[in-house]
Amino acid sequence: MAYSVRSQSVQHLKSRSNVSDLANKVVFCTGGAGTICSAQVRALVYLGADACIVGRNVQKTEDMAKDIATARKGAKVIGIGSIDVREVESLQKAVERCVKELGSLDFVMYAMVQTRLRPLEDTYMSEN
Ligand SMILES: NC(=O)c1ccc[n+]([C@@H]2O[C@H](COP(=O)([O-])OP(=O)(O)OC[C@H]3O[C@@H](n4cnc5c(N)ncnc54)[C@H](OP(=O)(O)O)[C@@H]3O)[C@@H](O)[C@H]2O)c1
């Protein structure tokens, strides 16, 4: 049943005329092994993109990458674990590996981002 729903979703996406050709495009996704972004990355891969997903858990991230790669014959999907979005250096290494192995990085998606709490008076507010 879950597969059926997922399959209908990507068919719907594919039928939309404003979906551009994703062949040779690479999507980089933080938290890409999670519930929401794994489905989103899977749809983009189905539509022609290659992908790099990152997360903290090595096994989970690598296993999901293999699973997402089944969405399209010939798809390249790499899963990089031990990456915490709160550590910029580890993210940079993942980006470098993505570009090295997949050839580029065209889109960034995120389920997880680093946020910093700070006093309201330190927050810039535009008058526009
Ligand atoms: N599910 C919903 O109904 C819903 C609704 C509204 C908003 N959201 C928000 O949407 C986002 C994704 O939701 P989801 O349900 O897909 O979550 P999820 O299934 O828990 O997936 C989150 C993913 O992010 C990774 N992650 C967590 N912390 C990380 C970190 N510090 N660095 C790198 N990766 C990290 C996790 O993998 P690792 O543990 O391996 O790092 C996991 O694969 C969340 O921010 C959630 O609050 C969800």
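Anything mentioned here points back to the structure above.
Just so you know, these numbers come straight off a predicted model, no measurement behind them.

(A) Seen up close, the sheet that holds strand 4 (residues 107–110). If you walk across this open sheet you meet the four strands as 3-2-1-4, and the pairing is parallel. Where the open sheet ends on each side, the last strands, each with one partner, are strand 3 (77–80) and strand 4. Put simply, the sheet's adjacent strands are angled 15° from each other on average, direction ignored. Judged from the four bridges that link them, strand 2 (residues 50–54) and strand 3 form a sheet pairing that is parallel. By the bridge assignment, Ala 51 is partnered in strand 3 with Val 77. Helix 3 (residues 58–69) rests against strand 2 and strand 3 of the sheet, and its axis sits at about 170° to strand 3.

(B) Highlighting the site of the ligand. Neighbouring the ligand are 18 residues, the closest being Gly 31, Gly 34, Gly 55, Arg 56 and Asn 57. Elements with a minimum of two residues in the shell around the ligand: helix 2 (35–46) and helix 3. When residues in the shell around the ligand are grouped by element, the largest group, three residues, is from helix 2. The residue inventory of the shell around the ligand, partitioned by class, reads seven nonpolar, seven polar and four charged.

Calculation criteria
Residues numbered from 1 in each chain as written. Predicted model: local features only at pLDDT ≥ 70, side-chain atom pairs only at ≥ 80, totals over all residues. Pairing = 2+ DSSP bridges. Helix = DSSP H or I, 4+ residues; strand = E, 2+ residues; numbered from the N terminus. Axes fitted to C-alpha atoms, helices over the stretch in contact; angles between N-to-C directions. Contact = placed C-beta atoms within 7 Å. Near = placed C-beta within 6 Å. Nonpolar A, V, L, I, M, F, W, Y, C, P; charged D, E, K, R; others polar.

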